[in-house]
Amino acid sequence: MDKGFFENWFTCLNDGLEKMSGEECSRLFSECANFCSHDALKYLYLSLFNECGKNFDKFFPRLSEKKDLDGKVIEPGKVYELTFTKCGCPLHSQMNVDSERLCECSTQSMICVFESLAPEKEFKIERIESILVGGEKCIHRITIE
């Protein structure tokens, strides 16, 4: 297949995402998020979480040691922020999918990661800022329910 087919396909994907509800995007991206979260968990989060004694209050501030990440404690034991200083999704960076709906994949991925780190807890992820809608970075608020 020629490159034009894929450029057109991803343009149509971008347009289609704009027409989907949040619930539909969650379902669409749940498998992709699960796949991406395994790499993130394996190479980024798991060892750091273990180094921090499985303590989120210690873990989030140390995320700034990692490339393109920052983390902070908003309310100890309960509310945190995770900041991505650039969009790392290849659908955006390589295929020019720039729908804000693409951020749902990141949300679903974070849920997978944090539930893997602490399976006894439930996590709510709220998007505060997104590069895909003109923000300087992507900021997510993570609340432990």
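What you are looking at is a predicted structure, and each value in this text was computed from that prediction instead of being measured.

Rules of the game
Residues numbered from 1 in each chain as written. Predicted model: local features only at pLDDT ≥ 70, side-chain atom pairs only at ≥ 80, totals over all residues. Heavy atoms only, no water. Helix = DSSP H or I, 4+ residues; strand = E, 2+ residues; numbered from the N terminus. Buried < 20%, exposed > 50% of the residue type's maximum accessible area, 1.4 Å probe, protein only. Contact = heavy atoms within 4.5 Å. Pairing = 2+ DSSP bridges. Axes fitted to C-alpha atoms, helices over the stretch in contact; angles between N-to-C directions. Phe/Tyr/Trp six-rings, centres within 6.5 Å; stacked < 30°, edge-to-face > 60°. pLDDT = per-residue confidence, 0-100. Core = buried A, V, L, I, M, F, W, Y, C linked by side-chain atoms within 4.5 Å.

## A short note on the environment of S130
Right, on to step 1. Along the chain, S130 falls in the loop between β3 (123-129) and β4 (138-144).
Right, on to step 2. The buried category is assigned to S130, whose relative accessible area is 2%.
Right, on to step 3. Sequence-distant contacts of S130, defined by excluding residues within four places in its chain, comprise C103, G135, K137 and C138.

## Examining the sheet that holds β3
Right, on to step 1. Spatial strand order, β1-β2-β4-β3: 4 strands in an open sheet with antiparallel pairing. Only two strands of the sheet have a single neighbouring strand rather than two, namely β1 (69-75) and β3. Taken over all neighbouring pairs, the strand axes of this sheet differ in orientation by 20 degrees on average, direction set aside.
Right, on to step 2. Pairing analysis gives 6 bridges linking β3 to β4, with the strands arranged antiparallel. Bridging from a neighbouring strand, E129 pairs with I139 of β4.

## Some thoughts on the packing of aromatic side chains
Two descriptors summarise a pair of aromatic rings, namely the distance from one centre to the other and the angle between the planes of the rings.
Right, on to step 1. Counting across every chain of the model gives 15 aromatic pairs.
Right, on to step 2. Every member of this aromatic cluster is reached through a ring pair, and the members are Y45, F49, F56, F59, F60, Y80, F114 and F123.

## What to know about the pairing of β1
Side-chain direction in a regular strand flips from residue to residue, so the side chains alternate between the two faces of the sheet.
Right, on to step 1. Where β1 and strand β2 (residues 79-84) come together, 6 bridges link them in antiparallel fashion. By the bridge assignment for β2, G71 is matched with L82.
Right, on to step 2. Counting the residues that bridge the hairpin from β1 to β2 gives 3 residues, and of these G77 lies at a positive phi of roughly 75 degrees.

## Some words on the confidence of the model for the chain
Right, on to step 1. Per-residue confidence for the chain averages 89 on the pLDDT scale, and 97% of its residues sit at or above 70.
Right, on to step 2. Model confidence for the chain, summarised as mean pLDDT per element, is weakest for helix α2 (residues 22-51) at 84 and strongest for helix α3 (residues 56-62) at 97.

## Overview of the environment of T107
Right, on to step 1. Among the secondary structure elements, T107 is positioned in helix α5 (residues 103-117).
Right, on to step 2. The class of T107 is buried, set by a relative accessible area of 8%.
Right, on to step 3. The residues contacting T107, other than those within four sequence positions of it, are I125, R127 and H140.

## Thoughts on the nonpolar core
Right, on to step 1. Within the largest apolar cluster, 23 residues are counted, with the highest numbers of intra-cluster contacts made by Y45, F56, F59, F60, L82 and F114.
Right, on to step 2. Only α2, α3, β2, α5, β3 and β4 provide two or more residues apiece to this core.
Right, on to step 3. Take this core: its biggest share by element is 5 residues, from α5.
Right, on to step 4. Setting aside chain neighbours within four positions, we find F56 in contact with F49, P61, Y80, F114, L117, A118, K121, F123 and I144.
Right, on to step 5. If you look at the next biggest cluster of nonpolar residues, it comprises 13 residues, including L17, M20, F29 and L102.

## Some words on the side chain of T83
Right, on to step 1. Here T83 lies in strand β2.
Right, on to step 2. Excluding residues that lie within four positions of it along the chain, T83 makes contacts with D68, L69, D70, K137, C138 and I139.

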